[in-house]
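Coordinates in review
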Amino acid sequence: MRTNTLLVLFVFLSLNISRVCSQNQTENRENVVTLPYDRYIKPAGKLLIMGDSAKESHALDCVLSPDEKWLAVQERYSLVIISTKSNKIACSLSLDSITGIPVSMSSFSGILWYKTHILISIITKSNQSFVARLGWDGKSLNKERLFSYAALSPAKVALPNGLLINQESGRTFLYVVLNGNNQLVKQDFETGDTIWAKNTGVAPYGIAMAGNKLYVSNWAGRIPDASEKNVAGVPWGKAKIDPLTGACSEGSVSVFEPETGNLLDEIIVGLHPNSIISSPDGSFVYLTNSNSDEVSVINCHTDKVSETISLTLQADINSYFGDSPNGLAISSNGKILYVANGMDNALAVISLGKNACKGGLQEKSIVDGFIPTAAYPSAISIKDNKRLYVCNLESFGPNRAFAFKAGHPPVYNSHRMLASISVIDIPSGKQLAGYTKTVIAANQLERLQSAELPPRPGVLPKPIPERIGEPSVFNHVLYIIRENRTYDQVLGDVPEGNGDTSLCIFGKQVTPNIHQLVSEYQLMDNFFVSGKCSAEGHSWTDASIVTDYIEKDVRSWFRSYPHTLNDALVYNPMGFIWDNARNHGLSVRIYGEAATPHFADTLSWSDIYSGFLQNKPFQFTNTSTLNTVRDLLSPGYPGYDGHKIPDILRAKTFIDELHQYEAMGGDSLPQLMVMALPNDHTGGTRPGLPTPRAMIADNDLALGRIIQAVSESRFWKNTVIFIVEDDSQAGWDHVSVYRTVALVVSPYSKLQTTVSLPYNQPSMVRSIEQILGLPPMNIQDAIATPMFACFNESPDFSAYQSLENEVPIDEMNAALEDMDELALKNAKLSLEQQFEGIDTGDDQVFNRILWYYAKGNVSYPKKYSGEDDD
């Protein structure tokens, strides 16, 4: 196979295009930043801010130049060069300018410095895959060559990731890991000619060389053979899975001989192995297993795992999953290993033992301590054995990073954030002890005590018991998950809360039930989602955590957009809330969540709605990649589609089932019910769909009818309904990009007051678990605060009376020929292919469509969303 280099080489010949960015001053960080999932950040060292303020910037990977004078950073949209002398940005080059193709993004990782050349893995919006080679002369980046990679069917994108260069017999060779193709490719570094291409395991990630052997980490282990029973879909194939959770059950390392590419061995390691490096002497290979919270050490003489090092923070009291180690660096003497623990926002410092390095002083490796970073450290480089450079994939999130860049006010939109690099002097033993205390405090592990207190005998039932295992007044939980709204968009007009009326576009007229519910029960004006979009949001709502795969894929979503949890790589090894309930003997029913409905393409929204009004059955089937979900799904309740199915149809299906449970007698209603109610997402102003306010009115009416039906049933006395948005990406909020609409409705929730405590999605999951007597699934729900303030001790069993919609549900978007100029522009944008699927289009464009639809020719709220170029 020969790469397609010649087709693109002409673009780069004789070009020397660079863009020198402003040299931002490095800043001391004294501020403490709270994250929307019960952890806070106080990073060590100094912070260097970078990225494009109009985009969602992430620092993914980094590498030092051979002379260590420069650090190259693989940012999501750019290649950034930092002077390690001044710790200032020397140059920044957009990936668009490298490929010549708009919306080019870097891969999950994959940056390499060879002599004066920098190589970086890039994927374009049109799924073209490149490794770009650039020259650095100390002042500018000079584009030299693009190596291109075609997707190998059934993959949609080849996805170059890990890179390695090796000198063999006087020639220089480039090795490229193709994450999408499940391949390792060897090429001539100068010509791009392919020497060989070999199959790896499922979704290979990183590459290292030791003892004249190549080691490739495979996210999902070996490719399953035909005899394997427990398999599930990953893009683009299958992987071995745990039958109890649906998560990938294996990770592996493929070992190759460099000259021929012969596969020498497949080594089973922990779950979701990614970053992989070798010891300086080539005797050992180390890799991070993100879904096992550990590092595997491979002895390269035997190709066996010689040690497994746990990275669990404060392991003496913490046995929960959720540290997510994902980046590595090793000292020049090979005795100290640094590991980036993503979810802990910290680096682990490890003294390697005899089974992990030559000359180890102790038998087993020891975690000496932890160094605090900004959010989700993802890569580490070491300069002169004195200084650490750390990529912070999430930095400080959208809210705060802008505030730390001179001249930038905070920006409250979830897809506009800046990236950062931490610059940290390697600490002394005393400093490391102090840093470790900071990390433990910032991760609030003292909260674990309340999650592990034993239940007390004879305690009276409460809405939320004080301890897990103590009785609740509730025996049934209905958990309703909606889509993508901020607090201000819907409730900004409620005077009792902290709202901004100028940002309220779906207020009381559009959402009368939500407004009545917050009046009759309680108004939460300080509730936060934990992720920035639906692909993160449904993991947060259903599992109270996201995995490293989601973090690496964030914003790019090269392999999948898992808003319906349709990719086994996404799932964490502890499972979801329904797994937790079923594994502890509870009855569970799922209404549309984690499912995709399939029906005739010829059916329009109007066809389905008309059939609903005529009480005709809607013919469809649900599918789910999760084997643990399939037998829990209500067959008559459609999952999340492309907005053709009205939510009132979903509501009727649930209400019909509710009546069936009533007819059974006893307390027959399932103890946990998880429901997707998605139409408040809207379909923009696309002709053929209802208007945005009509779709939100449909969602509001469906919610009101569901709550009325439950409150009129005989199960009301011991049922609680939790309602949350999966994320808040589709709008603006004057407090936080993460603030959203959330409700708790039950006979014990008629507070008729405002609750302003900073609850979040893990708080809601923890509350459900505490009510049902379930232990936490992972570290995030273990440290979350139950929502005690949303309940009182005295019940009010009166039923909720749903309000009818004021906006017609069948208020349709106008046909193109009937629109004025502004509406026509928005409608044409809504019709773009990028908006065919759920959350598949540019969120900023979609948000503008909703704004101009609701507000007309009113200036876009740049104070909360950043500058608008329209």
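Just so you know, these numbers come straight off a predicted model, no measurement behind them. (Residues numbered from 1 in each chain as written. Predicted model: local features only at pLDDT ≥ 70, side-chain atom pairs only at ≥ 80, totals over all residues. Heavy atoms only, no water.)

1. Brief notes about the overall build of the chain
Within the chain, the secondary structure is distributed over 19 helices and 42 strands. At 27 Å, the chain has a C-alpha radius of gyration in line with the 29 Å of a compact globule built from 870 residues. For the C-alpha atoms alone, the extent of the chain along its principal axes is close to 80 × 70 × 55 Å. Sorting the 870 residues of the chain into buried and exposed places 66% on the buried side. Partitioning the contacts of the chain with sequence separation of at least 6, the portion at a separation of at least 24 is 66%. In the form shown here, the chain has an accessible surface area of approximately 29300 Å², with 50% of it arising from carbon and sulfur atoms. Looking at charge distribution, the chain has the averaged site of its 71 positive side-chain charges lying 6 Å from that of its 94 negative ones. (Helix = DSSP H or I, 4+ residues; strand = E, 2+ residues; numbered from the N terminus. Rg over C-alpha atoms; globule rule 2.2 N^0.38 Å. Buried < 20%, exposed > 50% of the residue type's maximum accessible area, 1.4 Å probe, protein only. Contact = heavy atoms within 4.5 Å. Areas by Shrake-Rupley, 256 points an atom, 1.4 Å probe, with all protein chains shown as cover. Lys, Arg positive; Asp, Glu negative; His and termini not counted. Charge placed at Lys NZ, Arg CZ, Asp CG, Glu CD.)

2. Topic: the side chain of Ser422
Structurally, Ser422 is set in strand β33 (residues 419–425). For Ser422, the side chain forms a polar contact with the side chain of Asn392, separated by 3.0 Å. Excluding its chain neighbours within four sequence positions, the residues that come into contact with Ser422 are Lys46, Leu47, Thr373, Ala374, Leu388, Tyr389, Val390 and Asn392. (Polar contact = N/O pair within 3.5 Å; in protein donor to acceptor, adjacent residues only side chain to side chain.)

3. Observations regarding the confidence of the model for the chain
Overall, the prediction assigns the chain a mean pLDDT of 91, with 91% of residues at 70 or greater. Low pLDDT, under 50, characterises residues 1–30; the stretch is placed with 72 contacts to residues that sit more than four places away or in other chains. Here residues 401–406 is modelled with pLDDT under 50, and outside its nearest four sequence neighbours on either side it reaches 23 contacts, counting other chains as well. (pLDDT = per-residue confidence, 0-100.)

4. Comments concerning the side chain of Ser544
Note that Ser544 resides in the loop between α8 (534–543) and α9 (548–553). A distance of 3.4 Å separates a polar side-chain atom of Ser544 from the backbone nitrogen of Asp781. The residues touching Ser544, leaving out its near neighbours within four places in the chain, are Ser539, Pro762, Val765, Met777, Asn778, Gln780 and Asp781.

5. Digging into the nonpolar core
Judged by nonpolar contacts, the single largest core of 119 residues is most densely connected at Tyr286, Leu337, Trp578 and Phe722. Looking at this core element by element, the count peaks at five residues for helix α15 (residues 761–772). Not counting residues up to four positions away in its chain, the partners in contact with Leu337 are Ile277, Tyr286, Val295, Leu328, Ala329, Ile330, Ala348, Val349, Ile350 and Leu352. Of all hydrophobic cores here, the second largest spans 49 residues; its members include Tyr521, Trp605, Leu669 and Val710. (Core = buried A, V, L, I, M, F, W, Y, C linked by side-chain atoms within 4.5 Å.)

6. Thoughts on the layout of surface pockets
There is about 1300 Å³ of room inside the second largest pocket. Looking at the second largest pocket, it is lined by 45 residues, and the ones nearest its centre are Cys62, Val63, Ile111, Leu112 and Ile277. Elements with a contribution of two residues or more to the lining of the second largest pocket: β5 (59–64), β9 (104–114), β13 (160–168), β17 (204–210), β23 (273–278), β27 (325–330) and β31 (375–383). Broken down by element, the residue count for the lining of the second largest pocket peaks at seven residues, all from β9. The class makeup of the residues in the lining of the second largest pocket is 26 nonpolar, 16 polar and three charged. (1 Å grid on protein atoms, 1.4 Å probe; cavity = no way out; pocket = protein on both sides within 12 Å on 5 of 7 lines; lining within 4 Å. Points joined across faces, edges and corners; volume = space filled by probe spheres on them. Nonpolar A, V, L, I, M, F, W, Y, C, P; charged D, E, K, R; others polar.)

7. Details of the packing of aromatic side chains
In the structure shown here, the tally under the stated rule is 22 aromatic pairs. Centre to centre, the rings of Phe474 and Phe791 are 5.8 Å apart; their planes meet at 55 degrees, and the pair counts as tilted. Residue Phe474 is found in the loop between α5 (448–451) and β34 (476–482), and its partner Phe791 is found in the loop between α16 (779–783) and α17 (821–830); the two are separated by 317 residues along the sequence. Of the two residues, Phe474 and Phe791, both sit in the buried class. Residue placement shows Arg133 over the ring face of Phe189; its charged tip is 4.7 Å from the ring centre. Across from the ring centre of Tyr521, 5.4 Å away, lies the NZ or CZ of Lys750, which sits over that ring. (Phe/Tyr/Trp six-rings, centres within 6.5 Å; stacked < 30°, edge-to-face > 60°. Lys NZ or Arg CZ within 6 Å of the ring centre and 35° of its normal.)

8. Details of unusual backbone geometry
With an omega of 15 degrees, the peptide bond running from Ser153 to Pro154 counts as cis. Mapped onto the secondary structure, Pro154 falls in the loop between β12 (141–149) and β13. A cis amide bond links Pro235 with the next residue in sequence, Trp236, at an omega value of 10 degrees. Considering the arrangement of structural elements, one finds Trp236 in the loop between β19 (231–234) and β20 (237–240). Its identity as a non-glycine residue notwithstanding, Asp384 has a phi of 55 degrees, on the positive side. Given the relative accessible area of 42%, Asp384 is considered partly exposed. Of note in this structure, Asn484 is not a glycine but carries a positive phi near 75 degrees. Following the sequence through the fold, Asn484 ends up in the loop between β34 and α6 (487–491).

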